[in-house]
Amino acid sequence: MDGDCATTEDLCMQRFGKKKPHRACLVLARGGSKGIPLKNIKPLAGTPLVGWVLRAAIDSEAFDSVWVSTDHDEIAAVSREFGAQVHRRSPEVSRDASTSLETIQEFIRAHPEVDIFGNVQATAPCVHPFHLRKAMKAMTEDGFDSLFAVVRRHAFRWKEVKEGEVTAPLNLNPEKRPRRQDWDGELIENGSFYFCTTALVQKGLLQGGKVGYLEMAAEYSVDIDIDIDWPIAEQRVLRFGYFGKEKRQAPCLVVVSAEGALTEAQVHLSPTGEEFRSFNVHDINGMKQLANRGVEVRIISEDESQVHRQLAAKIGCKLEEGCEDKLAIVDSWRKDLGLDWLQVAYIGSDASDSECIKKAGVNGCPLDAQYPAKNYSRFVSKRRGGQGAIREFCEHVEITIEKANNENKPRPE
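Residues numbered from 1 in each chain as written. Predicted model: local features only at pLDDT ≥ 70, side-chain atom pairs only at ≥ 80, totals over all residues. Heavy atoms only, no water.

- The protein carries the name N-acylneuraminate cytidylyltransferase in an unreviewed UniProt entry, which gives Branchiostoma floridae as its organism.
- We quote the UniProt Sequence similarities (unreviewed entry) comment for the protein here in full: "Belongs to the CMP-NeuNAc synthase family."
- UniProt, in its Catalytic activity (unreviewed entry) section for the protein, records the words "an N-acylneuraminate + CTP = a CMP-N-acyl-beta-neuraminate + diphosphate". (UniProt positions renumbered as here; feature names shortened; annotations may be inferred.)

Structural data, given as structure tokens:
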């Protein structure tokens, strides 16, 4: 071990003139995004987009400093909340036509102490600390001058031609067209991060010298550029995103808000003044399924409704009606059961649910939920309230339970 450390220090001394080079993480987050306005701080599964990569970068402990280069006050404020330092970029490198290289060169000029930096893309929310540690290890111990993230793709490429012209294959022989399992595929940049030495940037390059790559699995290779990418990224990040150092805990209490989640937000009135609310049988079955697994399932409601009482009886769960302070009720339930908030799952649809959604370890809302509930929800169902959203959330809770159980299993040494 001591020999390895000495070798690494000697290598760094030769390359940087110091035994411990300064390693900086740099996230570029301009305020003038055209595809998705202010996308860098738009909530993705309840967390501002830039927050996902900042959390991973800081927890990786691979960097001596973590920076966000921005020209926008709100992005700067959010970045500081996540523990990053802010480099206020100049107007000259904040234009639509400004390149990443120009922006990085400005940062390097302002911070000459930096020897190696990792440009981690804000639009890559599934980057984990272990990816960044591996990349930095290759830069410091293996002597790479530049390194970037790639993903393996199995796609046959053909030459682009004008309409009516004859095309030709670029990476296959049609006469010996391979099966997917017989072909290793190709490595493609996935845009998650680019590591480089300061010396290379000063030469006007981000990739050069001794070049390496780090292959990332397809599930972690997410890149958000346009609106259509967003819902796909949200579902991916819920499964494969990095949520922090705290160990995932299996939900033991699932609380369902009645209005707008378990039942439709719309209420039908008869000529005699009777109220009619509709619900989805699949939602009821999903809640029963969780209860059969031993999970405590409860319903919370602002109103007092015979429909909600009948649903609670059908499921066999506790119902709290006429709640003015949902957070106080759920907190008392949690304490009575001896649970941490990380062991609570909550789904709601309106402002009155927001505080519970923020606190719960697993949270969600229906597709038609209102803000700010939707802002804070990590899981957003594809279905509306009263139309299957609860069933989807219950399935999400089951996946979370399975993941937590697998992660917490003792592993052989």
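## Comments concerning the pattern of salt bridges
Okay, so step 1: Within the structure shown, the criterion is met by 21 salt bridges.
Okay, so step 2: We note a salt bridge from Asp-331 to Arg-334, for which the minimum N-O separation is 2.8 Å. Of this pair, Asp-331 and Arg-334 both sit in helix α10 (residues 326-336), three residues apart, which is roughly one turn of that helix. Across this residue pair, the class does not change: Asp-331 and Arg-334 are buried.
Okay, so step 3: Linking Glu-392 and Arg-383 is a salt bridge whose minimum nitrogen-to-oxygen distance equals 3.7 Å.
Okay, so step 4: Given the relative accessible area of 43%, Arg-383 is considered partly exposed.
Okay, so step 5: A network of salt bridges, in which partner residues are shared, links Arg-293, Glu-398 and Glu-402. (Salt bridge = Lys/Arg side-chain N within 4 Å of Asp/Glu carboxyl O. Helix = DSSP H or I, 4+ residues; strand = E, 2+ residues; numbered from the N terminus. Buried < 20%, exposed > 50% of the residue type's maximum accessible area, 1.4 Å probe, protein only.)

## A word on empty space enclosed by the protein
Okay, so step 1: Counted by the stated rule, this structure contains one cavity of 30 Å³ or more.
Okay, so step 2: Of the volumes computed, that of the largest cavity is approximately 30 Å³.
Okay, so step 3: If you go around the largest cavity, the residues you meet are Leu-238, Arg-248, His-396, Ile-399, Thr-400 and Lys-403.
Okay, so step 4: Residue contributions to the lining of the largest cavity peak at four residues, all from helix α13 (residues 389-407).
Okay, so step 5: Residues belonging to the lining of the largest cavity are distributed by class as follows: two nonpolar, two polar and two charged. (1 Å grid on protein atoms, 1.4 Å probe; cavity = no way out; pocket = protein on both sides within 12 Å on 5 of 7 lines; lining within 4 Å. Points joined across faces, edges and corners; volume = space filled by probe spheres on them. Nonpolar A, V, L, I, M, F, W, Y, C, P; charged D, E, K, R; others polar.)

## Looking at the sheet that holds strand β4 (residues 65-70)
Okay, so step 1: What the seven strands build is an open sheet, ordered β5-β4-β1-β6-β8-β7-β9; its pairing is mixed. Here the strands that pair on one side only, and so sit at the sheet edges, are β5 (85-88) and β9 (211-215). Mean inter-strand twist for the sheet, computed between neighbouring axes without regard to direction, equals 30°.
Okay, so step 2: As paired elements, strand β1 (residues 23-28) and strand β6 (residues 116-120) share four bridges and run parallel to each other. Each bridged residue has a counterpart across the sheet, and for Leu-26 the counterpart in β6 is Asn-119. (Pairing = 2+ DSSP bridges. Axes fitted to C-alpha atoms, helices over the stretch in contact; angles between N-to-C directions.)

## Examining helix α8 (residues 281-292)
Okay, so step 1: In a regular helix each residue adds 1.5 Å, so 12 residues correspond to 16 Å; α8 covers 16 Å between its end C-alpha atoms and thus fits that length.
Okay, so step 2: Listed in full, the buried residues belonging to α8 are Asp-283, Ile-284, Gly-286, Met-287 and Leu-290. In a view along the axis of α8, the buried residues occupy a sector of 160°, so they form one face of it. Facing away from the buried side of α8 by over 90 degrees, the exposed positions are Val-281 and Asn-292.
Okay, so step 3: The N-cap residue of α8 is Asn-280: its side-chain oxygen and the backbone nitrogen of His-282 are 2.7 Å apart. (Expected span 1.5 Å × (residues − 1). Arc of directions from axis to C-beta. Polar contact = N/O pair within 3.5 Å; in protein donor to acceptor, adjacent residues only side chain to side chain.)

## Concerning the packing of aromatic side chains
Okay, so step 1: Scanning the entire structure with this criterion turns up nine aromatic pairs.
Okay, so step 2: Between the aromatic rings of Phe-130 and Tyr-220, the centroid separation amounts to 5.9 Å while the plane-to-plane angle is 80°, which identifies the pairing as edge-to-face. Taken together, the residues span a long stretch of sequence, with Phe-130 in helix α5 (residues 129-141) and Tyr-220 in the loop between β9 and α7 (229-240) at a distance of 90 residues.
Okay, so step 3: Classification of Tyr-220 by relative accessible area gives buried; the value is 18%.
Okay, so step 4: Seen from their ring centres, Phe-156 and Trp-183 are 5.0 Å apart, and the 20° between their planes marks the pair as stacked. With Phe-156 in the loop between β7 (146-153) and β8 (186-197) and Trp-183 in the loop between β7 and β8, the pair connects residues that are 27 residues apart, well separated along the chain.
Okay, so step 5: Counting every residue linked through ring pairs, the aromatic cluster contains Phe-63, Phe-193 and Phe-195.
Okay, so step 6: Just above the ring of Trp-52 sits the side chain of Arg-55; from NZ or CZ to the centre is 5.0 Å.
Okay, so step 7: Sitting over the face of the ring of Tyr-376, Lys-358 holds its NZ or CZ atom 4.8 Å from the ring centroid. (Phe/Tyr/Trp six-rings, centres within 6.5 Å; stacked < 30°, edge-to-face > 60°. Lys NZ or Arg CZ within 6 Å of the ring centre and 35° of its normal.)

## Considering the pairing of β9
Okay, so step 1: Burial along β9 is one-sided: the face carrying Gly-212 and Leu-214 is buried and the face carrying Val-211, Tyr-213 and Glu-215 is not.
Okay, so step 2: The sheet contact formed by β7 and β9 spans five bridges and is parallel. Its bridge partner lying in β9, Val-150 is registered against Glu-215.

## A look at α5
Okay, so step 1: Spanning 13 residues, α5 covers 18 Å between terminal C-alpha atoms, matching the ideal 18 Å at 1.5 Å per step.
Okay, so step 2: Listed in full, the buried residues belonging to α5 are Pro-129, His-131, Leu-132, Ala-135, Met-136, Ala-138, Met-139 and Thr-140.
Okay, so step 3: Directly after α5, the chain includes Gly-143, whose backbone phi takes a positive value near 75°.

## Observations concerning the packing of α8 against helix α9 (residues 306-315)
Okay, so step 1: In contact at an axis separation of 9 Å, α8 and α9 are set at 45° when each is read in the N-to-C sense. By the criterion of interaxial angle, the relationship of α8 to α9 is oblique. Taken as a pair, α8 and α9 cross one another with a handedness that is right-handed. Contacts between α8 and α9 pair Ile-284, Met-287 and Lys-288 from the former with Leu-311, Lys-314 and Ile-315 from the latter.
Okay, so step 2: Per-class residue counts for the contact of α8 with α9 are four nonpolar, no polar and two charged. (Parallel < 35°, antiparallel > 145°, perpendicular 65-115°, else oblique. Left-handed = near helix turned anticlockwise from the far one by under 90°. Contact = heavy atoms within 4.5 Å.)

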